[in-house]
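Descriptive analysis of the structure
Here's the letter readout for the chains.
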Amino acid sequence: QVQLVESGGGLVQAGGSLRLSCAASGRTFSSNRIGWFRQAPGKEREFQAAISSGGSTFYADSVKGRFTISRDNDKNTVYLQMNSLKLEDTAVYYCARHYTGSYYDFSSYDSWGQGTQVTVSS
């Protein structure tokens, strides 16, 4: 299984930007499909964005136009650029490897990172 490590979280003011990174182990990273989810306290983990091995991207309606997912296969890394951040974007953000099924479904992913905290302040 691939191992994933998130980084780049932190404290940012509303309207600001952050770029999260998801670094993966393994020589077959380029064939992996990767997704980003987030989980706020007391809420379920929810889909944010995903990228296929070919570079196709998928987004939750709530982040379209604000978040951008990309990948650098040479660096075995997937990024989530988050712009125009809102208070409600505060959560722990996780990346995960897509295994099967819908990109939008939590149960379609089989390897998860430990998460990185994003806090948006007013």
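Everything below is about the structure printed above this text.
What counts and what doesn't
- Residues numbered from 1 in each chain as written.
- Predicted model: local features only at pLDDT ≥ 70, side-chain atom pairs only at ≥ 80, totals over all residues.
- Heavy atoms only, no water.
- Helix = DSSP H or I, 4+ residues; strand = E, 2+ residues; numbered from the N terminus.
- Rg over C-alpha atoms; globule rule 2.2 N^0.38 Å.
- Contact = heavy atoms within 4.5 Å.
- Areas by Shrake-Rupley, 256 points an atom, 1.4 Å probe, with all protein chains shown as cover.
- Lys, Arg positive; Asp, Glu negative; His and termini not counted.
- Charge placed at Lys NZ, Arg CZ, Asp CG, Glu CD.
- Core = buried A, V, L, I, M, F, W, Y, C linked by side-chain atoms within 4.5 Å.
- Buried < 20%, exposed > 50% of the residue type's maximum accessible area, 1.4 Å probe, protein only.
- Pairing = 2+ DSSP bridges.
- Axes fitted to C-alpha atoms, helices over the stretch in contact; angles between N-to-C directions.
- Disulfide = S-S within 2.5 Å.
- Polar contact = N/O pair within 3.5 Å; in protein donor to acceptor, adjacent residues only side chain to side chain.
- Phe/Tyr/Trp six-rings, centres within 6.5 Å; stacked < 30°, edge-to-face > 60°.

Moving on, we get to the overall build of the protein. Helix and strand content of the protein: 0 helices and 11 strands. Walking the protein from its N terminus toward its C terminus, one meets helices and strands in the order β-β-β-β-β-β-β-β-β-β-β. In terms of overall size, the protein behaves like a compact globule, its C-alpha atoms giving a radius of gyration of 13 Å where 122 residues would be expected to give roughly 14 Å. Reported as C-alpha extents along the three principal axes, the dimensions of the protein are approximately 40 × 25 × 25 Å. Long-range contacts, defined here as pairs at least 24 residues apart, represent 56% of the contacts in the protein between residues at least 6 apart. For the protein, the computed accessible surface area is about 6,200 Å², with 45% contributed by carbon and sulfur atoms. Computed over 12 positive and 10 negative side-chain charges, the inter-centroid distance for the protein is 4 Å.

This part takes up the nonpolar core. Core analysis: the biggest nonpolar cluster contains 33 residues, and Ile-34, Trp-36, Ile-69, Val-78, Leu-80, Met-82 and Tyr-93 have the highest contact counts within it. Those elements that place two or more of their residues in this core are β3 (18-24), β4 (33-39), β5 (46-51), β7 (67-72), β8 (77-82), β9 (91-98) and β11 (116-121). Beyond its immediate stretch of four places on either side in the chain, Met-82 contacts Gly-16, Ser-17, Leu-18, Leu-20, Arg-66, Phe-67, Tyr-93 and Val-118.

On to the sheet that holds β8, then. Either a parallel or an antiparallel arrangement is found when strands of a sheet pair, and the pairing is made through backbone hydrogen bonds. The strand order across the open sheet formed by 4 strands is β1-β3-β8-β7, and the pairing between neighbours is antiparallel. Of all strands in the sheet, those with a lone pairing partner are β1 (4-7) and β7, marking the two edges. Neighbour to neighbour, the strand axes of the sheet diverge by 15 degrees on average, direction disregarded. Bridge count for β1 against β3 is 4 bridges, and the pairing is antiparallel. Opposite Ser-7, over in β3, you have Ser-21 as the bridge partner.

Let's shift gears to the state of the cysteines. Under the definition given, this model contains 1 disulfide. Disulfide pairing is shown between Cys-22 and Cys-95; the S-S distance is 2.1 Å. The disulfide joining Cys-22 to Cys-95 has a torsion of about 75 degrees about its S-S bond and is therefore right-handed. Of this pair, Cys-22 sits in strand β3 while Cys-95 sits in strand β9, placing them 73 residues apart in sequence. Accessibility expressed as a relative area gives 0% for Cys-95, which makes it buried.

This next bit is on the environment of Gln-39. As for its position among the elements, Gln-39 is in strand β4. Remark: the alpha-carbon pair of Gln-39 and Thr-90, spanning 51 residues in sequence, is separated by 8.6 Å. A distance of 3.1 Å separates a polar side-chain atom of Gln-39 from the backbone oxygen of Lys-43.

The tally for this structure, following the rule as stated, stands at 9 aromatic pairs. Taking 6.5 Å as the distance between ring centres and 80 degrees as the angle between the ring planes, the aromatic pair formed by Phe-37 and Phe-106 counts as edge-to-face. Of this pair, Phe-37 sits in strand β4 while Phe-106 sits in the loop between β9 and β10 (109-112), placing them 69 residues apart in sequence. A relative accessible area of 1% places Phe-37 in the buried class. Taken together, a centroid distance of 4.9 Å and an interplanar angle of 80 degrees make the contact between Phe-37 and Tyr-109 edge-to-face. Taken together, the positions of Phe-37 in strand β4 and Tyr-109 in strand β10 put the pair 72 residues apart, joining distant regions of the chain.

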